[in-house]
Amino acid sequence: DVKVTQSSRYLVKRTGEKVFLECVQDMDHENMFWYRQDPGLGLRLIYFSYDVKMKEKGDIPEGYSVSREKKERFSLILESASTNQTSMYLCASSAGTGPYGYTFGSGTRLTVV
Amino acid sequence: SQQGEEDPQALSIQEGENATMNCSYKTSINNLQWYRQNSGRGLVHLILIRSNEREKHSGRLRVTLDTSKKSSSLLITASRAADTASYFCATDARGAQKLVFGQGTRLTINP
């Protein structure tokens, strides 16, 4: 069964900490995405990547960075966590640009205190 | 930037009834997709309809697309308690190379 795996389901971090959210896919997908989901705001795209070592800003990249050193792994980094980054973070992958559905991970619920 | 907007925001029906959710969007698209999200989990891809298609079926799901009105609808027939979830439309706008999601419809199926 193909899947996208996010390393943590729940995470609690302190303000100012550097936080790493890891995402791994086993489908040899080209594209990977990070979204955050907040009540009333839906899913908002943070960053995405079409290829190894390649990244593109989404709609809300401020306060985040990403790393894609290997095709199967896409990491989201919160440089200095703040309370307004408390959210559900969803990683997704797709086979490429075109009529492909996204496969999502189960999500990481991050709380910054 | 929110491309798709679902309507209604919440829908509650009895088991066995049909559920219809609507999605409107703003720009030209390559395709439109529907996803389901159970509480606290990731999204699951349900169905994709291309811009040159008008209707598509998958099991108890029926999706329509009207590009002239920039709208789509998702019909779930003979609903079951397990269909309780949030449903999102997502658009692959031309030139965008990424999906933009609406805010979702929360569907509750009452036994």
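Residues numbered from 1 in each chain as written. Chains lettered and ligands numbered in written order. Predicted model: local features only at pLDDT ≥ 70, side-chain atom pairs only at ≥ 80, totals over all residues. Heavy atoms only, no water.

Asks: Tell me about the interface of chain A and chain B, residues and numbers included.
Replies: Taken together, the contact between chain A and chain B spans 24 residues of the former and 22 residues of the latter. Its largest share of buried area at the contact with chain B, chain A owes to A:Leu43, A:Pro99 and A:Tyr102, together 26% of the area lost on that side. Remark: the boundary between chain A and chain B carries one salt bridge. The interface formed by chain A and chain B contains nine residue pairs in polar contact (both at pLDDT 80 or more). Among the secondary structure elements, those contributing two or more residues to the side of chain A that touches chain B are β5 (31-38), β6 (42-49) and β10 (87-94) of chain A. (Contact = heavy atoms within 4.5 Å. Buried area = accessible area lost by both parts, 1.4 Å probe. Salt bridge = Lys/Arg side-chain N within 4 Å of Asp/Glu carboxyl O. Polar contact = N/O pair within 3.5 Å; in protein donor to acceptor, adjacent residues only side chain to side chain. Helix = DSSP H or I, 4+ residues; strand = E, 2+ residues; numbered from the N terminus.)

Asks: I'd like to hear about the side chain of B:Asp83, residue by residue, with values.
Replies: All names here are of chain B. Within the secondary structure layout, Asp83 lies in the loop between β8 (71-76) and β9 (85-93). Owing to a relative accessible area of 10%, Asp83 belongs among the buried residues under this scheme. Of note is the side chain of Asp83, whose polar atom sits 2.9 Å from the side chain of Arg60. Asp83 has contacts with Arg60, Ile76, Leu107 and Ile109, leaving out every residue within four places of it along the chain. (Buried < 20%, exposed > 50% of the residue type's maximum accessible area, 1.4 Å probe, protein only.)

Asks: Describe the pairing of strand β4 (residues 29-37) of chain B, listing the residues and the values that go with them.
Replies: All names here are of chain B. Among the nine residues of β4, seven are classified as buried, and the element is accordingly described as predominantly covered. Summarising the sheet, β4 and strand β5 (residues 43-50) pair through seven bridges and their orientation is antiparallel. Looking at β5, one finds that Leu32 is bridged to Ile49. As consecutive antiparallel partners, β4 and β5 are separated by five residues, and within that stretch Gly40 has a phi angle of approximately 75°, a positive value. (Pairing = 2+ DSSP bridges.)

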